[in-house]
Amino acid sequence: MAGIYLHIPFCKQACFYCDFHFSVSLKNKEALLKSLETELILRKDYLQNSPIETIYFGGGTPSLLTADEILRLFEVVSKNYHLNTEIEFTLEANPDDLTAQKVKELSKTPINRFSIGIQSFFEDDLKFMNRVHTASEADSSVKRVQDAGFDNITIDLIYGIPKMSAEKWKANLHQSFDLKVPNLSCYALTVEEKTALHHFIKTNKYPTVSDELAYKHFQILVDQTAQHNFIQYELSNFGKEGYFSKHNISYWMGKSYLGIGPSAHSYNGYSRSWNIANNPKYIKSLTLNELPITTEILTKTNLFNEYLMTGLRTIFGVSVLVVENRFGLEFKNHLLKQVEKHQQLQHAEIKDHTIYITLKGRFLTDTILADLFFE
Ligand code: SF4
């Protein structure tokens, strides 16, 4: 089983915090679509005919594509890959793109899951982050997608925004609960180098982002989602039973995936590769039928660390038996020795030969992981 990710590297405007690969100029859109088609064909053997369970259009802003353009890419996928009878097909969409007409057109495509970039239901937060949509579009876009018959919806929300009160964060969560969205992806605002946010903070135009505030909001998030019967199946993902992201779970379970488009990453169990993060260079290379890819063969240590990194962020945990079978006694002994301190601090626990991060340790997952990695 495997998944396909297509990166659509265009946005209407740059959000201040974003360090993803995208361009705000759409002038190369047609050439890029042709290049995506070429890459899909050139790399059709990468997944060795494994049945495709999930297709994910991410970005950038894939909802800038028309329904016909999405169908066109889907046709190339279905002609060249072995699709499972039931696939999860997700489209990342920005609220301002989801007009009634657009949603109507999208409902005629095989898309069956929407990931809507809400981030906040408050106008001032959206302005602070330079999001292109309004608070009213945030709310109405979800309703429009639901009215068109889609129930598998996830929304992104951002917490830890400077000066965001606990009440405001709760109000964001409660608006999501009221809208009956069955999956939430919630991330702390982070300041990445070379972003406008980084520059504004450095030049004192914006207040700093605080870890304490993010921690406070994270606790509210865990508490409120649990009260509304959401399961925290990954550090940042909260879903109702039956609505977990199959695509993301397959990443975390170490399944193979093919990433198409500029900056997209791929993984096949023993190597990781990534495409050039530059639209004109990507297009030029594909026009010559050449793949602009860098590949890294993963060592046993890389694979072990990756298994910890993905497993410990999820409710599935890390199996000590899998570690012993896949990586050997040296790795197993290292893991058990390193995890002891975190068990004593009640940040981690072992049940039925599986290591889990406890509720108390969850916000510290990255620190715990750094301790458990094999150098
Ligand atoms: S819409 Fe998404 S990809 Fe585009 S700039 Fe904003 S956060 Fe980044």
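Quick caveat: nothing in here was measured; it's all calculated off a predicted structure. (Residues numbered from 1 in each chain as written. Predicted model: local features only at pLDDT ≥ 70, side-chain atom pairs only at ≥ 80, totals over all residues. Heavy atoms only, no water.)

## Let's talk about the overall build of the chain
On a plain count of helices and strands, the chain comes out with 14 helices and 15 strands. A globule of 375 residues ought to have a C-alpha radius of gyration of about 21 Å, and the chain, at 21 Å, matches this closely. Overall, the chain is about 55 × 50 × 45 Å in size when its C-alpha atoms are taken along their principal axes. A burial count over the chain gives 52% of its 375 residues as buried. (Helix = DSSP H or I, 4+ residues; strand = E, 2+ residues; numbered from the N terminus. Rg over C-alpha atoms; globule rule 2.2 N^0.38 Å. Buried < 20%, exposed > 50% of the residue type's maximum accessible area, 1.4 Å probe, protein only.)

## Considering the packing of helix H1 (residues 29-42) against helix H2 (residues 67-80)
Packing of H1 against H2 brings their axes to within 9 Å, and their N-to-C directions diverge by 15°. For the element pair H1 / H2, the angle class is roughly parallel. Taken as a pair, H1 and H2 cross one another with a handedness that is right-handed. Here Lys29, Glu30, Leu33, Lys34, Leu36, Glu37, Leu40 and Ile41 of H1 lie close against H2, whose contacting residues are Glu69, Arg72, Leu73, Val76, Val77 and Asn80. When its residues are assigned to classes, the contact of H1 with H2 shows seven nonpolar, one polar and six charged. (Axes fitted to C-alpha atoms, helices over the stretch in contact; angles between N-to-C directions. Parallel < 35°, antiparallel > 145°, perpendicular 65-115°, else oblique. Left-handed = near helix turned anticlockwise from the far one by under 90°. Contact = heavy atoms within 4.5 Å. Nonpolar A, V, L, I, M, F, W, Y, C, P; charged D, E, K, R; others polar.)

## What about the environment of Glu324?
Here Glu324 is to be found in helix H12 (residues 320-327). When the C-alpha positions of Glu324 and His247 are compared, they lie 27 Å apart, and in sequence the two are 77 residues distant. Residue contacts for Glu324: discarding those within four places in its chain leaves Leu329 and Lys332.

## A short note on the pairing of strand E4 (residues 113-119)
Side-chain direction in a regular strand flips from residue to residue, so the side chains alternate between the two faces of the sheet. Of all seven residues making up E4, seven are buried, and the element is well covered by its neighbours. Residues Arg113, Ser115, Gly117 and Gln119 of E4 are buried on one face, and the alternating residues Phe114, Ile116 and Ile118, pointing to the opposite face, are buried as well. Relative to E4, strand E3 (residues 83-93) runs parallel, the two being bridged by four bridges. Its bridge partner lying in E4, Thr90 is registered against Arg113. Relative to strand E5 (residues 153-159), E4 runs parallel, the two sharing four bridges. Note on E5: the bridge partner recorded for Gln119 is Leu157. (Pairing = 2+ DSSP bridges.)

## Points about the domain arrangement of the chain
Domain assignment breaks the chain into domain 1 (2-251) and domain 2 (300-375). Each of domain 1 and domain 2 has a C-alpha centre, and the two are 29 Å apart. Each side of the interface is counted separately: domain 1 has 15 residues, and domain 2 has nine residues. Of the roughly 970 Å² buried where domain 1 meets domain 2, counting both sides, 70% is carbon and sulfur surface. (Domains from an automatic or database assignment. Buried area = accessible area lost by both parts, 1.4 Å probe.)

## Points about the sheet that holds strand E15 (residues 354-357)
In spatial order, the strands read E13-E15-E14; together these three strands make up an open sheet with antiparallel pairing. At either margin of the open sheet sits one strand with a lone partner, and together these are strand E13 (318-319) and strand E14 (348-351).

## Some remarks on the packing of aromatic side chains
One pass over the full model with this rule turns up 22 aromatic pairs. Between Phe74 and Phe89, the ring centres sit 5.5 Å apart and the planes meet at 20°, which makes this aromatic pair stacked. You can see Phe74 sitting in helix H2 and its partner Phe89 sitting in strand E3, a full 15 residues away along the chain. Ring centres of Phe128 and Tyr206 lie 4.2 Å apart, and the angle between their planes is 20°; this geometry places the pair in the stacked category. Remark: Tyr206 occurs in the loop between helix H7 (196-202) and helix H8 (211-227) and Phe128 occurs in helix H4 (residues 123-128); sequence separation between them is 78 residues. The residue whose ring lies beneath Lys240 is Phe230, and the NZ or CZ to ring-centre distance is 4.6 Å. A cation over an aromatic ring shows up here: Lys351 above the ring of Tyr356, its NZ or CZ 6.0 Å from the ring centre. (Phe/Tyr/Trp six-rings, centres within 6.5 Å; stacked < 30°, edge-to-face > 60°. Lys NZ or Arg CZ within 6 Å of the ring centre and 35° of its normal.)

## Examining the pattern of salt bridges
Following the criterion strictly, the structure yields 17 salt bridges and no others. A salt bridge links Arg313 to Glu234; the nearest nitrogen and oxygen atoms lie 3.1 Å apart. Here Glu234 lies in strand E7 (residues 231-234) and Arg313 lies in the loop between helix H11 (300-311) and E13, a separation of 79 residues in the sequence. With a relative accessible area of 5%, Glu234 lands in the buried category. A salt bridge links Glu324 to Lys332; the nearest nitrogen and oxygen atoms lie 3.1 Å apart. One salt-bridge network, held together by shared partners, links Glu30, Lys34, Glu37 and Arg72. (Salt bridge = Lys/Arg side-chain N within 4 Å of Asp/Glu carboxyl O.)

## Observations concerning helix H5 (residues 135-147)
For H5, with 13 residues, the first-to-last C-alpha span of 19 Å sits near the 18 Å given by 1.5 Å per residue. Taken residue by residue, H5 has Ala135, Ala138, Asp139, Ser141, Val142 and Val145 as its buried positions. Taken end-on, H5 shows its buried residues confined to a sector of 160°, consistent with a single buried face. The outward face of H5, more than 90 degrees from its buried face, is lined by the exposed residues Ser136 and Asp147. Residues of H5 that are buried make contact with helix H3 (100-106), E4, H4, E5 and helix H6 (166-178). Of the residues one or two after H5, Gly149 is the one with positive phi, at around 100°. (Expected span 1.5 Å × (residues − 1). Arc of directions from axis to C-beta.)

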